[in-house]
Amino acid sequence: QVQLVESGGGLVQPGGSLRLACAASGFAFSRCAMGWFRQAPGKEREFVVGINWSGGSSYYADSVKGRFTISRDNAKNTGYLQMNSLKPEDTAVYYCAADSSPIPTYNDYDMDYWGKGTLVTVSS
């Protein structure tokens, strides 16, 4: 019953932009911190960005800071990731996740719910 469904991935040229969405259902999304993670071929899954339950606090990986922006619309049970100035090294499957704990850590192993991922390919 619990679902997180990512959308918005695709092929984009370097320097381009994409907006990912994460639609949540079956749990109290508005009470959860959420985050985006990504995994490139042959690499470990890595943290990208997290946001607390209210959207008032966010935490970005150095690799995306200044280029990516996380947001959420709790009325729609949806989270977003705006990705600008995309680079080939951003190519990965992007996963949305949520953490129901009172104090978020944004560690992947602390996340309670995961989406199936959406592929982002940055290439000329």
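Reading guide: rules and limits
Residues numbered from 1 in each chain as written. Predicted model: local features only at pLDDT ≥ 70, side-chain atom pairs only at ≥ 80, totals over all residues. Heavy atoms only, no water. Salt bridge = Lys/Arg side-chain N within 4 Å of Asp/Glu carboxyl O. Helix = DSSP H or I, 4+ residues; strand = E, 2+ residues; numbered from the N terminus. Buried < 20%, exposed > 50% of the residue type's maximum accessible area, 1.4 Å probe, protein only.

Visitor: So what exactly am I meant to see when it comes to the pattern of salt bridges here?
Guide: Proximity of charged atoms lets side chains of opposite charge pair with each other. With the rule as written, the count across this model stands at 4 salt bridges. In this structure, Arg38 and Asp90 form a salt bridge, with 2.9 Å as the shortest nitrogen-oxygen distance. Residue Arg38 is located in strand β4 (residues 33–39), and its partner Asp90 is located in the loop between β8 (78–83) and β9 (92–99); the two are separated by 52 residues in the primary sequence. Comparing Arg38 with Asp90 shows no difference in burial state: the two are buried. Residue Asp108 pairs with Arg45 through a salt bridge whose shortest N-O separation is 3.8 Å. Residue Asp108 is located in the loop between β9 and β10 (113–114), and its partner Arg45 is located in the loop between β4 and β5 (46–51); the two are separated by 63 residues in the primary sequence. Assessed through its relative accessible area of 35%, Arg45 is described here as partly exposed. Salt bridges sharing common partners tie together Arg38, Glu46, Arg67 and Asp90.

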